[in-house]
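Reading the structure
Listed here are the chains, written in short residue letters.
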Amino acid sequence: MYTPIRRETVAVVDYGMGNLRSVAQAVMHAARASDRVDVVVTASPQVVRDAHRVVLPGQGAMPDCMAELERSGLREAVLHAAATKPLFGVCVGMQMLLEHSEEGDTAGLGLIPGQVVRFRLEGQSQPDGSRFKVPQMGWNRVWYGFEHGAAERPAPHPLWAGIPDGSYYYFVHSYHAHPADPAHAAGMTEYGVRFASAIARDNLFATQFHPEKSAAQGLALYRNFLHWNP
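What counts, and where the lines are drawn
Residues numbered from 1 in each chain as written. Predicted model: local features only at pLDDT ≥ 70, side-chain atom pairs only at ≥ 80, totals over all residues. Heavy atoms only, no water. Helix = DSSP H or I, 4+ residues; strand = E, 2+ residues; numbered from the N terminus. Rg over C-alpha atoms; globule rule 2.2 N^0.38 Å. Buried < 20%, exposed > 50% of the residue type's maximum accessible area, 1.4 Å probe, protein only. Contact = heavy atoms within 4.5 Å. Lys, Arg positive; Asp, Glu negative; His and termini not counted. Charge placed at Lys NZ, Arg CZ, Asp CG, Glu CD. Disulfide = S-S within 2.5 Å. Pairing = 2+ DSSP bridges. Right-handed = clockwise from strand over helix to strand, strands pointing away. Salt bridge = Lys/Arg side-chain N within 4 Å of Asp/Glu carboxyl O. Phe/Tyr/Trp six-rings, centres within 6.5 Å; stacked < 30°, edge-to-face > 60°. Lys NZ or Arg CZ within 6 Å of the ring centre and 35° of its normal.

So, on to the overall build of the chain. Looking only at helices and strands, the chain features six helices and 13 strands. Scaling as 2.2 N^0.38, a compact globule of 230 residues should have a C-alpha radius of gyration of about 17 Å, and the chain matches this with 17 Å. For the C-alpha atoms alone, the extent of the chain along its principal axes is close to 65 × 40 × 30 Å. Per-residue burial for the chain yields a buried fraction of 50% across its 230 residues. Sequence-distant contacts, at least 24 apart, represent 73% of the contacts inside the chain between residues at least 6 apart. Averaged over its 20 positive side-chain charges, the chain has a centre that lies 6 Å from the centre of its 22 negative ones.

Right, here's the structure in full:
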C-alpha cells in the first residue's frame, strides 16, 4: 500500500521587521535536499499556528519589533507556536524571547527568563590595540563546548550536530542576551565580554548572529533545525 510523504511547513513570520528574503532563501536552501519541506513567508496568524516549524526573524530596534508583532496580530500565534512546536529566533527575534530589554525599556515575550543588555565597552581595547566598536559588526566565533559553571561540561545542543565548535558566524548588534539560567545559554561568544550568542529552552532555539549571512555553517544550523524533534 502506498503511503504518501507527509510534507512539513516551515513558517517564516512576517511582521514587517525581519530580513525575510535572506532568511527564507537560506531555509529553502537548507531544505533543498528534502522533498517534504515547504517554506513560506507569512503574515497570517493561522498559517503560523498550522505550521510544523516556525522561524522568528528580527531586525532593527527591539521596541519597534515588539510593537509591530502586536500590531500585526501575530503575537498570540507566535506564543502558540513557542508552546507547541520547534521555533528558531534570529537576531532581535532571539532578544524578543527574553523577558526585558534595556533598549527602550521594552518588555519581551517572556519565554526564556533573562534580560537583554547593551554592550558597555567604553575605553576597552582589542588585542590589536583598536577600540571595541558598538554595534559589533562582522564575523565572530561561537563556542558551544563550554562549561556552565558546573563540574561537568554539558552536552551540546542538537542543533550544533556536525558543526565544529568555535565556528564563525556573522553578527550585527549593540545589545546581547543575559539569560537568568546559565543552562539556557547554548552558545557563547567573546566581544569585550563573554555573552550568550545562542539560547535554548525546550523547543526553542535562537541566535544573536545571522545564520542566513553565515555561509555553510549557517545553512548547517538551519538544516539541523529542519530535522530537530525536541
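Take the state of the cysteines next. Taken as a whole and assessed by the stated rule, the structure comprises zero disulfides. Cysteine 65 takes part in no disulfide bond, and the closest cysteine sulfur, belonging to cysteine 91, lies 8.3 Å away.

The subject of this paragraph is the pairing of strand 9 (residues 167–173). As a general feature of sheets, a regular strand has side chains that alternate between the two faces. Along strand 9, the buried face is formed by Ser167, Tyr169, Phe171 and His173; none of Tyr168, Tyr170 and Val172, which line the opposite face, is buried. Both strand 8 (residues 136–142) and strand 9 contribute to a ladder of seven bridges, which runs antiparallel. For arginine 141, the partnering residue across the bridge sits in strand 9 and is tyrosine 168.

Within the secondary structure, histidine 157 is located in the loop between strand 8 and strand 9. Since its relative accessible area comes to 16%, histidine 157 is described here as buried.

Within the secondary structure layout, leucine 69 lies in helix 3 (residues 62–71). Each C-alpha atom, one on leucine 69 and one on proline 57, is 11 Å from the other, the two residues being twelve residues apart in sequence. Those residues in contact with leucine 69 that lie beyond four places of it in its chain are Tyr15, Leu74, Arg75, Val78, Met96 and Leu109.

In this section: the pairing of strand 2 (residues 37–42). Pairing between strand 1 (residues 8–13) and strand 2: six bridges, direction parallel. Within strand 2, the residue paired with valine 13 across the bridge is threonine 42. For the crossover from strand 1 across helix 1 (residues 20–30) to strand 2, the handedness is right-handed.

What follows concerns the pattern of salt bridges. Considering all chains together, one arrives at eight salt bridges under this definition. With its nearest N and O atoms 3.2 Å apart, the salt bridge here joins arginine 53 to glutamate 8. Linking arginine 53 in strand 3 (residues 53–56) with glutamate 8 in strand 1, this pair joins segments that are 45 residues apart in sequence. One exposure class covers both arginine 53 and glutamate 8, and it is buried. A salt bridge links arginine 75 to glutamate 70; the nearest nitrogen and oxygen atoms lie 3.8 Å apart. Take arginine 75: its relative accessible area is 23%, and that puts it in the partly exposed class.

Evaluation of the coordinates by the stated rule reveals 14 aromatic pairs. On the basis of an interplanar angle of 20° and a centroid distance of 5.3 Å, the ring pair of tyrosine 144 and tryptophan 160 is categorised as stacked. Of the two residues, tyrosine 144 sits in the loop between strand 8 and strand 9 while tryptophan 160 sits in the loop between strand 8 and strand 9, which places them 16 residues apart along the sequence. Measuring from centroid to centroid gives 5.6 Å for phenylalanine 171 and phenylalanine 209, while their planes differ by 65°, and the two rings are edge-to-face. Of this pair, phenylalanine 171 sits in strand 9 while phenylalanine 209 sits in the loop between strand 13 (204–207) and helix 6 (215–226); the two residues are 38 residues apart in sequence, bridging distant segments of the chain. Judged on exposure class, the residue phenylalanine 171 and its partner phenylalanine 209 are both buried. The ring of phenylalanine 225 carries the charged tip of arginine 53 above its face, separated from the ring centre by 5.9 Å.

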